[in-house]
Amino acid sequence: MLRRSLTFWIMVAIVVGVIVGHFWPGATANLRIISQIFLRLIRAIIAPLLFATLVVGIAGHSSLKQVGRMGLKALIYFEVVTTCALLIGWAAISISQAGAGITVPTVRGELQGGPPAGEPRTWQTTILDIFPENIAKSVADNQVLQVVVFAVLFGCALAMVPEPKKRPLLAFTESLAEAMFKFTNIVMYLAPLAVGAAIAFTVGNLGIGVLVNLAKLLATFYVAVAVFIAIVLVPVAWLARVPVRRFIQAVTEPASIAFATASSEAALPRAMEAMEGLGVPRQIVAFVIPTGYSFNLDGSTLYLSLGAMFVMQAAGMHLPVAQQLVLLLTLMLTSKGVAGVPRGALVILLATVSSFGLPVEPVFIILGIDQLMDMLRTSLNVVGNCLATVVIARWEGEFEPGAPPRNATTGLA
């Protein structure tokens with residue numbers, strides 16, 4: 001109910017913001033501070049949230065050593081499929097140019113990250129900037145990818161520590177992740193005011209015609225999802241010899257729950273039960289789906305690449321292809337582990353675009369239709385993870401369609 005209430009007030013704020021921006025454009029400059037406060041709080045969240053969720057996701061699954069081959073296959077599959085989603089989102093927005101024609105009324109300043117304007121960048125500089133030399137400096141400078149690299153290496157190191165010494169630090173990072181989830185919930189209560197102020201400022205400076213770009217963006221996203229299903233998920237299902245009709249019947253309910261609630265977690269128990277009923281062994285279901293919730297977010301990844309390119313187009317900036325690829329890589333890495341955060345994709349998008357020196361105002365414009373996009377991308381996340389369990393089970397030679405659910409003596413809980 002709180003999520004629905006928040007969405008309702010965001011929609012109300014959008015309408016009010018459009019009215020204020022259209023009829024009283026001179027007053028909107030003073031409202032912009034509200035959206036700037038919201039952005040500062042979002043940026044305060046991102047480093048501890050990414051660090052905690054990535055460390056827990058990696059060190060908490062140290063039993064990958066026990067499942068060995070299955071774990072490696074799952075991670076390879078996750079990265080291949082999410083990379084396809086990333087590229088499809090990038091291609092779709094590049095074709096539709098939904099963000100073109102918007103003149104963002106902003107001055108890059110203290111809220112923007114990235115290198116100074118005009119600084120020459122070579123491929124060596126781009127690669128070097130991925131690695132942190134001082135993690136505190138990386139956090140202060142909003143170098144998101146450096147934080148991610150540090151967290152991944154730290155998580156790997158923690159996974160190698162003996163269990164008695166690992167457990168206290170892992171428990172701390174788990175508690176930190178939960179605390180940051182709650183922190184995010186609190187900050188999101190400011191979202192309606194921030195969105196209303198940002199929309200008012202944008203409409204007051206650009207005119208009401210900016211809403212046409214939003215309609216194009218929404219249509220682009222839905223078409224991109226359809227293309228992803230058609231050219232990635234369907235061929236994968238065919239190659240893995242998935243019984244398509246029974247699979248669709250099995251995923252209909254968890255996907256519907258995800259669509260209605262815009263929450264992957266709400267659909268998790270039913271998704272696991274459905275896949276086990278389809279013939280996937282319990283130990284594979286218990287490993288692949290929870291891991292996929294951190295590493296296989298097809299819908300969120302597609303949304304992030306599409307949203308980032310929309311921001312770049314709205315800003316009238318044309319980054320070199322090498323920097324665009326780094327931006328996409330950053331989005332793919334930073335999206336790991338935040339499936340449980342309300343508006344988690346928005347948090348990642350805000351932090352990433354600002355770290356690349358892009359303006360953040362277009363992200364607030366996207367928030368106006370985020371709920372309509374969130375429902376579909378969440379459903380795609382759930383369907384993608386369900387398909388992954390069947391693919392991995394078939395890859396392991398353990399998929400038995402129609403077989404009764406089997407209990408496992410071992411497996412992840």
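Anything mentioned here points back to the structure above.
What counts, and where the lines are drawn
Residues numbered from 1 in each chain as written. Predicted model: local features only at pLDDT ≥ 70, side-chain atom pairs only at ≥ 80, totals over all residues. Heavy atoms only, no water. Helix = DSSP H or I, 4+ residues; strand = E, 2+ residues; numbered from the N terminus. Buried < 20%, exposed > 50% of the residue type's maximum accessible area, 1.4 Å probe, protein only. Contact = heavy atoms within 4.5 Å. Areas by Shrake-Rupley, 256 points an atom, 1.4 Å probe, with all protein chains shown as cover. Polar contact = N/O pair within 3.5 Å; in protein donor to acceptor, adjacent residues only side chain to side chain. Phe/Tyr/Trp six-rings, centres within 6.5 Å; stacked < 30°, edge-to-face > 60°. Lys NZ or Arg CZ within 6 Å of the ring centre and 35° of its normal. Salt bridge = Lys/Arg side-chain N within 4 Å of Asp/Glu carboxyl O. Core = buried A, V, L, I, M, F, W, Y, C linked by side-chain atoms within 4.5 Å. Patch = residues over 30% accessible without salt bridge, like charges linked within 9 Å, V, L, I, M, F, W, Y side chains within 5 Å. Expected span 1.5 Å × (residues − 1). Axes fitted to C-alpha atoms, helices over the stretch in contact; angles between N-to-C directions. Parallel < 35°, antiparallel > 145°, perpendicular 65-115°, else oblique. Left-handed = near helix turned anticlockwise from the far one by under 90°. Nonpolar A, V, L, I, M, F, W, Y, C, P; charged D, E, K, R; others polar.

> What's the story with the overall build of the protein in this structure? I'm lost.
In terms of regular secondary structure, the protein is built from 18 helices and zero strands. Expressed as a percentage of the 413 residues in the protein, the buried residues total 53%. For the protein, contacts bridging at least 24 residues in sequence account for 86% of all contacts bridging at least 6. Element-wise, carbon and sulfur atoms account for 69% of the exposed surface of the protein, whose accessible area totals about 18,000 Å².

> Could you clarify how one ought to interpret the side chain of Gln313 in this entry?
With respect to the helices and strands, the residue Gln313 is situated in helix α14 (residues 298-314). Only 3.4 Å separates the side chain of Gln313 from the backbone nitrogen of Ala98, close enough to count as a polar contact. Setting aside its immediate chain neighbours within four residues, Gln313 contacts Ile93, Ser94, Gln97, Ala98, Gly99 and Ala100.

> I keep staring at the packing of aromatic side chains and nothing clicks. Help me out?
For any pair of aromatic rings, the description rests on two quantities: the centre-to-centre distance and the angle between the ring planes. A full pass over the atoms with the stated rule returns seven aromatic pairs. Seen in terms of ring centroids, Phe51 and Phe150 are 6.1 Å apart; in terms of plane orientation they differ by 25°. Their pairing is stacked. Remark: Phe150 occurs in helix α7 (residues 144-160) and Phe51 occurs in helix α2 (residues 28-59); sequence separation between them is 99 residues. On the basis of relative accessible area, Phe51 is assigned to the buried category, the value being 16%. On the numbers, 6.2 Å between centres and 90° between planes, the contact of Phe221 with Tyr303 is edge-to-face. One end of the pair, Phe221, is in helix α10 (residues 210-239); the other, Tyr303, is in helix α14, and 82 residues separate them in sequence. Across the pair, exposure class does not vary: Phe221 and Tyr303 are buried alike. A connected cluster of aromatic rings, assembled from ring pairs, spans Phe51, Phe150 and Phe154. Lying across the ring of Tyr303, Arg377 places its NZ or CZ 3.9 Å from the centre.

> What exactly am I supposed to notice about the pattern of salt bridges here?
Pairs can form between side chains of opposite charge whenever their charged atoms are close. If you walk through the whole model with that rule in mind, you get three salt bridges. Close ionic contact of Arg167 with Glu174 constitutes a salt bridge, the shortest N to O distance being 3.9 Å. The exposure class of Arg167 is partly exposed, given its relative accessible area of 38%.

> What should I look at first to understand the environment of Val12 in this one?
Tracing the sequence through the fold places Val12 in helix α1 (residues 2-23). You can call Val12 partly exposed: its relative accessible area is 28%.

> What is the right way to read the nonpolar core from this model?
Here is a general trend for soluble globular proteins: nonpolar side chains tend to be buried in one another's company. Counting residues in each nonpolar core, the largest one holds 115 residues, and the members touching the most others are Phe38, Tyr77, Leu217, Phe228, Phe247, Met275 and Leu387. For this core, the element with the most residues is α2, which contributes 13 residues. If sequence neighbours within four positions are ignored, Leu217 has contacts with Ile93, Ala98, Leu306, Phe310, Ile366, Ile369 and Met373.

> What should I look at first to understand a nonpolar patch on the surface in this one?
A cluster of nonpolar residues, Val15, Ile19, Phe23 and Trp24, forms a patch on the protein surface that exposes about 450 Å² of accessible area. Structurally, Phe23 is set in helix α1. A relative accessible area of 55% means that Phe23 is categorised as exposed.

> Is there a simple way to think about the environment of Phe172 in this case?
Its place among the elements puts Phe172 in helix α8 (residues 163-188). You can call Phe172 partly exposed: its relative accessible area is 49%.

> Is there a simple way to explain helix α15 (residues 321-334) in this structure?
Helical geometry: 3.6 residues make up each α-helical turn, so side chains three or four residues apart lie on a common side. Over its 14 residues, α15 runs 20 Å from end to end, which matches the ideal 20 Å to within 8%, given 1.5 Å per residue. By the burial criterion, the buried members of α15 are Gln323, Gln324, Val326, Leu327, Leu328, Thr330, Leu331, Met332 and Thr334.

> Just checking my understanding: could you explain the packing of α14 against α15 for this structure?
Pairs of packed helices are described in terms of their axes, by the angle between the two and the distance that separates them. As a packed pair, α14 and α15 sit with axes 10 Å apart at the nearest point and diverge in direction by 140°. Judged on the interaxial angle alone, α15 and α14 are oblique. The interaxial crossing formed by α14 with α15 has right-handed handedness. Across the interface between the two elements, Leu304, Ser305, Ala308, Met309 and Met312 of α14 pack against Gln324, Leu327, Leu328 and Leu331 of α15. Broken down by class, the residue content of the contact of α14 with α15 amounts to seven nonpolar, two polar and no charged.

> Any chance you could explain unusual backbone geometry here in plain terms?
It is generally the case that most residues other than glycine have a negative phi and that most peptide bonds are trans. Of note in this structure, Gln97 is not a glycine but carries a positive phi near 50°. Considering the arrangement of structural elements, one finds Gln97 in the loop between α4 (69-96) and α5 (123-128).

> Mind showing me how you'd approach α8 here?
Taking 1.5 Å of rise per residue, the 26 residues of α8 would be expected to cover 38 Å, and the 36 Å separating its terminal C-alpha atoms lies within 8% of that figure. Within the span of α8, buried status applies to Lys166, Leu170, Thr173, Ala177, Met180, Phe181, Thr184, Val187 and Met188.

> Could you clarify how one ought to interpret the side chain of Arg377 in this entry?
You can see Arg377 is positioned in helix α18 (residues 370-395). With a relative accessible area of 2%, Arg377 lands in the buried category. In this structure, Arg377 is in contact with Phe221, Gly299, Ser300, Tyr303, Ala345 and Asp370, ignoring residues within four places of it in sequence.

> Explain the environment of Phe154 to me, please; I cannot follow it from the model alone.
As for its placement among the helices and strands, Phe154 is situated in helix α7. Between the C-alpha atom of Phe154 and that of Val55, which follows or precedes it by 99 residues, the distance is 6.8 Å. Among residues more than four places away in sequence, those in contact with Phe154 are Phe51, Val55 and Leu169.

Keep in mind these values describe shape, not function.
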